[in-house]
Amino acid sequence: MLYDKHKAEIDAILAKYPSKRSALLPMLYIAQDEYGRLDRDSIGEVAEILDLPPTDVYEVAGFYTLFYNEEVGKIVLDVCDDVPCCFCGAEELVADLENRLGVKAGHTTNDKLFTLRRVKCIAACDQAPVLQANLEFHNKVTPDKVDTLLAELRSEIESGKPISISGRFAEH
Ligand code: FES
């Protein structure tokens with residue numbers, strides 16, 4: 001169960017807020033990282049921890065595009081395919097990633113390591129073409145850099161370091 005497994009972190013988060021409801025977003029990050037998505041069961045667990053009706057948790061989880069209701073891989077690759085990035089090779093980048101990963105954009109690799117997605121402008125147009133790997137920016141990613149990037153990401157996964165698809169460790 002989520003609380004048993006992450007008791008120290010959850011208690012520390014709850015202690016920061018006067019009301020449990022205020023801890024909803026960080027609690028959803030933990031649940032999403034634990035289960036790879038937010039489904040009925042994980043939402044139910046969060047609701048129970050926060051003493052909220054599950055509907056209140058659904059409302060928030062459903063509002064943000066970075067909460068996933070379908071399981072994603074350990075690394076979510078979001079490639080910007082908006083106009084400025086396309087002028088700088090985003091389509092070639094997507095095609096190259098699809099080839100190397102063996103999945104079309106919008107899907108997860110069979111080994112459940114990578115989910116490849118197309119996204120619209122992520123506000124780094126001057127660094128085009130751009131992608132985010134678990135919300136971390138990688139700029140000017142031309143196809144010749146893809147091998148190195150994927151190798152680095154694989155070694156990060158293999159290192160056993162905690163990985164967050166939710167940006168949970170971003171401020172540490
Ligand atoms: S168009 Fe790609 S980051 Fe803005």
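The structure reproduced in this document is the subject of the present report. (Residues numbered from 1 in each chain as written. Predicted model: local features only at pLDDT ≥ 70, side-chain atom pairs only at ≥ 80, totals over all residues. Heavy atoms only, no water.)

What follows is about the sheet that holds strand β2 (residues 107-108). Strands in a sheet are paired, the pairing made by backbone hydrogen bonds, and the direction either parallel or antiparallel. Spatial ordering of the open sheet is given by β2-β3-β1-β4-β5, a layout of five strands whose pairing is mixed. Both edges of this open sheet fall to β2 and β5 (136-138), since each of them pairs with a single strand only. Here three bridges tie strand β1 (residues 75-80) to strand β4 (residues 131-133), and the two strands are oriented antiparallel to one another. Within β4, the position partnered with Leu77 by the bridge is Ala133. Running over the sheet, helix α7 (residues 90-101) touches β1, β3 (114-119) and β4 and is turned about 160 degrees from β3. (Pairing = 2+ DSSP bridges. Helix = DSSP H or I, 4+ residues; strand = E, 2+ residues; numbered from the N terminus. Contact = heavy atoms within 4.5 Å. Axes fitted to C-alpha atoms, helices over the stretch in contact; angles between N-to-C directions.)

Okay, the nonpolar core next. In this structure, Met27, Leu28, Val46, Leu50 and Val57 are the most contacted members of the largest nonpolar core, which totals 20 residues. Residue assignment for this core shows that the elements contributing at least two residues are α2 (7-16), α3 (24-35), α4 (40-50) and α5 (54-63). When neighbours within four sequence positions are excluded, Met27 is seen to be in contact with Ile10, Ile13, Leu14, Val46, Ile49 and Leu50. Counting 19 residues, the second largest nonpolar core, distinct from the first, contains Leu97, Val103, Leu149 and Leu150. (Core = buried A, V, L, I, M, F, W, Y, C linked by side-chain atoms within 4.5 Å. Buried < 20%, exposed > 50% of the residue type's maximum accessible area, 1.4 Å probe, protein only.)

Empty space within the largest pocket amounts to approximately 410 Å³. What lines the largest pocket is a set of 21 residues, and nearest its centre among them are Asp33, Glu34, Gly36, Lys74 and Ile163. Ranked by the residues each element gives to the lining of the largest pocket, the list is headed by α3, at four residues. Looking at the lining of the largest pocket residue by residue, the class counts come to eight nonpolar, five polar and eight charged. (1 Å grid on protein atoms, 1.4 Å probe; cavity = no way out; pocket = protein on both sides within 12 Å on 5 of 7 lines; lining within 4 Å. Points joined across faces, edges and corners; volume = space filled by probe spheres on them. Nonpolar A, V, L, I, M, F, W, Y, C, P; charged D, E, K, R; others polar.)

What follows covers the packing of α2 against α3. Viewed as axis vectors pointing N to C, α2 and α3 meet at an angle of 165 degrees, and their least axial separation amounts to 10 Å. The orientation of α2 with respect to α3, classified from their angle, is roughly antiparallel. Seen from above, α2 lies across α3 with right-handed handedness. Where α2 approaches α3, its residues Glu9, Ile10, Ile13 and Leu14 are matched on the opposing element by Pro26, Met27 and Ile30. A class-by-class count of the residues in the contact of α2 with α3 yields six nonpolar, no polar and one charged. (Parallel < 35°, antiparallel > 145°, perpendicular 65-115°, else oblique. Left-handed = near helix turned anticlockwise from the far one by under 90°.)

In this section: the packing of aromatic side chains. Tallying each qualifying case throughout the model produces three aromatic pairs. Between Phe63 and Tyr64, the aromatic rings sit 5.0 Å apart at their centres with planes inclined by 90 degrees, giving edge-to-face as the arrangement. For Tyr64, a relative accessible area of 39% gives the class partly exposed. Geometrically, the ring pair formed by Tyr64 and Phe67 is edge-to-face, given 6.0 Å between the ring centres and 80 degrees between the ring planes. Since its relative accessible area comes to 11%, Phe67 is described here as buried. (Phe/Tyr/Trp six-rings, centres within 6.5 Å; stacked < 30°, edge-to-face > 60°.)

Packed helix pairs are specified by the crossing angle of their axes together with the interaxial distance, meaning the distance between the axes. Between α4 and α5, the least distance of the axes is 9 Å, while the angle of their chain directions is 115 degrees. Crossing geometry of α4 relative to α5 is assigned as right-handed. Together, Arg40, Ile43, Val46 and Ala47 of α4 and Pro54, Val57, Tyr58 and Ala61 of α5 make up the contact between the two elements. Residue composition of the contact of α4 with α5, grouped by class: seven nonpolar, no polar and one charged.

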